[in-house]
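# Structural characterization, general
What follows is each chain in one-letter form.
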Amino acid sequence: MATVAPPPSKRQRREALERSQIQQDVTPPVIEAGSFKARFVDNDGNQLAETIEVPLADATEKNVSLLLNTLLGREREEFTPYRFRIHLPSSDTVIDNYPTPSEFLAVLRKHGVENPFETTITLSAEPQAVFKVQAVTRMSNKIPGHGEAILAAQFSPKTSSLLATGSGDNTARLWNTDSGTPKHTLKGHSGWVLALAWRPDGQNLATGSMDKTVRIWDESGQAVGRPFNGHSKWITSIAWQPFHLWRDDTPRLASASKDATIRIWIANTGITEHVLSGHKGSVSCVRWGGTDLIYSASQDKTIKVWNAIDGTLKHTLASHAHWVNHLALSTDFVLRTAFYDHTKNVPTSTEERRAKAKERFEKAAKQQGRIAERVVSASDDFTIYLWDPEQGTKPLARLLGHQKQVNHVSFSPDGTLIASAGWDNHIKIWGRDGKFLATLRGHVAPVFQCAFSADSRLLCSGSRDTTLKVWDMRSFKMSVDLPGHEDEVYALDWSLDGRLVGSGGKDKAVRLWRN
């Protein structure tokens, strides 16, 4: 039986009548007549096109993007969408959020540009993904199967049809997201499965457990080889060697442990190649960078940078005042996806695949003409630090604003945004240089994890408040609220083609969300 809404109360009827009698202001905002000179540059400061006058009335970001594509002589079907940052003349100030035409003059004058009509404004153009991901809006499947809380989730880089999860029931599972059904149960661990990671080519899944072992599985759910034994305490994090760095088609795998070490394994044999010891506390997170450096974060308050080839320590980054909980690299997305991209053009030969993976990495990592893989770290000291380890041990920026411990950090796939999630119920968004951009308010309990869409335009977050939320990265407003879980949401991932979000948590069931 349908629920019928009750009739409006006297107060509601009176307020509605008062609203109907008020003359609405429909006057459009007045945009001052005139134009400004725009100089377009890329991220390295190189001029892209001739300086041109732009009428203020037409200076929307979309129109300016169309104008730049026209100046570059592109055909309509080859147009690239751009996002613009405004560099103020005779100043190091950069305005990250492009204003509307009605706000343009006020923003410039607020920053000291008294006569914008006589000033050349430099606009740095950042190309956005040519494809667009739609926000997920509904739960399409609730799939039971796990006997305990789901602690980790990750889509295969090869296909969004395959989702892997790890659980406190000592198993990992593979799910068919097309049919919304369980596919394989990966049995073998004798402790909680705390960490998992797909190999960049999608052929294998690695899992790490409280039973102190790492195991490798194939797509059919079969164990590959024997368990990797060596750690004396449980496994906290796993990272595969990037595809373009594989030697002799033999991938390596790094595992971090509560025993304060990181081990590098030859994945085909399970032999330990190096033991990276130097931390004085549990290692909470490990990342393998595209220049063959391994980054590890620890409860000893430090981040260490290792040379993966010979296992030697290169740097110790020691600025945090408490446990370091999580790390993210500016190249995480391209390293995870290797030669897979939105075009779905997969090279046939290994050499071509390696070349494509390397090209994607170098394009994502290049800053001012050099490879600059940036690292961001989140800590219990309420702070986040941004690092460029190739430049030394001094942080590039200290990101302040969270009121409690910071759980999780993530770079957007295009490397222009950083999202941080914390115990203060908030997500904060920062620019690539660490500049604060926005606080996303909506969750009413700690936020455990967040994941960007493949086009960097959306962000999904999961919280102890049992909800997922989708946020628009242009307006920094909530786009969709996704209730549906019955308890805390610990793990989530956005599929690499943007079609799906997968999530899991304390209620033991996998949920799939679609648009």
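Reading the values: rules and limits
Residues numbered from 1 in each chain as written. Predicted model: local features only at pLDDT ≥ 70, side-chain atom pairs only at ≥ 80, totals over all residues. Heavy atoms only, no water. Helix = DSSP H or I, 4+ residues; strand = E, 2+ residues; numbered from the N terminus. Rg over C-alpha atoms; globule rule 2.2 N^0.38 Å. Buried < 20%, exposed > 50% of the residue type's maximum accessible area, 1.4 Å probe, protein only. Contact = heavy atoms within 4.5 Å. Areas by Shrake-Rupley, 256 points an atom, 1.4 Å probe, with all protein chains shown as cover. Lys, Arg positive; Asp, Glu negative; His and termini not counted. Charge placed at Lys NZ, Arg CZ, Asp CG, Glu CD. Pairing = 2+ DSSP bridges. Axes fitted to C-alpha atoms, helices over the stretch in contact; angles between N-to-C directions. UniProt positions renumbered as here; feature names shortened; annotations may be inferred. 1 Å grid on protein atoms, 1.4 Å probe; cavity = no way out; pocket = protein on both sides within 12 Å on 5 of 7 lines; lining within 4 Å. Points joined across faces, edges and corners; volume = space filled by probe spheres on them. Nonpolar A, V, L, I, M, F, W, Y, C, P; charged D, E, K, R; others polar. Salt bridge = Lys/Arg side-chain N within 4 Å of Asp/Glu carboxyl O. Phe/Tyr/Trp six-rings, centres within 6.5 Å; stacked < 30°, edge-to-face > 60°. Lys NZ or Arg CZ within 6 Å of the ring centre and 35° of its normal.

Let us now look at the overall build of the chain. Within the chain, the secondary structure is distributed over five helices and 38 strands. A compact globule built from 515 residues should have a C-alpha radius of gyration of about 24 Å, and the chain, at 25 Å, falls within 12% of that. Projected onto its principal axes, the C-alpha positions of the chain cover 70 × 65 × 50 Å. For the chain, the proportion of its 515 residues judged to be buried stands at 55%. In the chain, of all internal contacts separated by at least 6 residues, the share reaching a separation of at least 24 is 51%. Looking at the chain as shown, the accessible area adds up to about 22800 Å², and 49% of this sits on carbon and sulfur atoms. Taking the average location of the 63 positive side-chain charges in the chain and that of its 57 negative ones, the two points are 5 Å from each other.

With that settled, the discussion passes to the sheet that holds strand E21 (residues 312-317). Pairing is antiparallel in the open sheet, where four strands are placed in the order E18-E19-E20-E21. Every other strand in the sheet has two partners, leaving strand E18 (283-288) and E21 as the edge strands with one partner each. Here the average twist between neighbouring strands, direction ignored, is 20 degrees.

This next bit is on the UniProt feature "repeat: WD" (unreviewed entry) in the chain. Per the UniProt annotation, the sites labelled "repeat: WD" (unreviewed entry) are residues 143-185, 186-218, 228-265, 276-316, 399-430, 440-481 and 482-515. With 0% helix and 53% strand, the stretch residues 143-185 has end C-alpha atoms that lie 13 Å from each other.

Our focus in this paragraph is unusual backbone geometry. Look at Lys-212: it is not a glycine, yet its phi comes out positive at around 75 degrees. One can find Lys-212 in the loop between strand E12 (204-209) and strand E13 (214-218). Even without being a glycine, Ser-456 presents a positive backbone phi close to 70 degrees. Here Ser-456 is to be found in the loop between strand E32 (447-452) and strand E33 (458-463).

Attention now goes to the environment of Ala-267. Checked against the element boundaries, Ala-267 lands in the loop between strand E16 (261-266) and strand E17 (271-277). The exposure class of Ala-267 is buried, given its relative accessible area of 11%. Taking the C-alpha atoms as reference points, Ala-267 and Gly-225, 42 residues apart in sequence, are found 9.2 Å from one another. With residues up to four places along the chain from it excluded, the contact list for Ala-267 reads Phe-228, Trp-240, Pro-251 and Arg-252.

Turning our attention to the layout of surface pockets. Looking at the second largest pocket, its volume works out to about 1500 Å³. Around the second largest pocket sit 47 residues that line it, and Val-334, Arg-360, Lys-363, Pro-413 and Asp-414 are the ones nearest its centre. Every element with two or more residues in the lining of the second largest pocket is listed here: strand E5 (120-127), helix H4 (332-337), helix H5 (350-365) and strand E23 (366-367). Looking at the lining of the second largest pocket element by element, the count peaks at five residues for H5. By residue class, the composition of the lining of the second largest pocket is 19 nonpolar, twelve polar and 16 charged.

As a further point, take the pattern of salt bridges. Scanning the model with the defined rule gives 25 salt bridges in all. Here Arg-354 ties to Asp-249 by a salt bridge, and the two come within 2.9 Å at their closest N and O atoms. With Arg-354 in helix H5 and Asp-249 in the loop between strand E14 (235-240) and strand E15 (252-257), this pair connects stretches of sequence that are 105 residues apart. In this structure, Glu-486 engages Arg-511 in a salt bridge whose closest nitrogen and oxygen atoms are separated by 3.5 Å. Taken together, the residues span a long stretch of sequence, with Glu-486 in the loop between strand E35 (477-482) and strand E36 (489-494) and Arg-511 in strand E38 (residues 510-514) at a distance of 25 residues. Looking at Glu-486, the relative accessible area reads 55%, which means it is exposed. Under the relative-accessibility criterion, Arg-511 is labelled buried at 0%.

Our focus in this paragraph is the sheet that holds strand E30 (residues 427-431). With respect to topology, four strands assemble into an open sheet ordered E28-E29-E30-E31, the strand pairing being antiparallel. Edge positions in the sheet fall to strand E28 (406-411) and strand E31 (436-440), since each has one partner strand and no second. Going from strand to strand, the sheet's axes swing by 20 degrees on average, the running direction of each strand aside. Both E30 and E31 contribute to a ladder of four bridges, which runs antiparallel. Looking at E31, one finds that Ile-429 is bridged to Ala-438.

Here we take up the packing of aromatic side chains. Inspection of every chain in the model, using the stated rule, returns eleven aromatic pairs. Here a set of aromatic residues connected by ring pairs shows up, and it is made of Phe-40, Tyr-82, Phe-84 and Tyr-98. Lying across the ring of Phe-243, Arg-354 places its NZ or CZ 6.0 Å from the centre.

Let us look at empty space enclosed by the protein. One pass over the structure, following the stated rule, counts three cavities of 30 Å³ or more. In this structure, the largest cavity encloses a volume near 90 Å³. Considering the residues around the largest cavity, the lining is formed by Arg-83, Arg-85, Asp-96, Asn-97, Glu-126, Thr-416, Leu-417, Arg-432 and Leu-437. Class assignment of the residues belonging to the lining of the largest cavity gives a composition of two nonpolar, two polar and five charged.

Looking now at the pairing of E30. Counting buried residues along E30, five of its five residues qualify, which places the element largely inside the surrounding structure. On E30, burial covers both faces: Ile-427, Ile-429 and Gly-431 on one face and Lys-428 and Trp-430 on the other are all buried. Two strands pair when backbone bridges link them, and strand E29 (residues 417-422) and E30 are joined in this way by five bridges, in the antiparallel orientation. Note on E30: the bridge partner recorded for Ile-418 is Trp-430. What sits between E29 and E30 in their antiparallel hairpin is a turn of four residues, with Asn-425 showing a positive phi close to 75 degrees.

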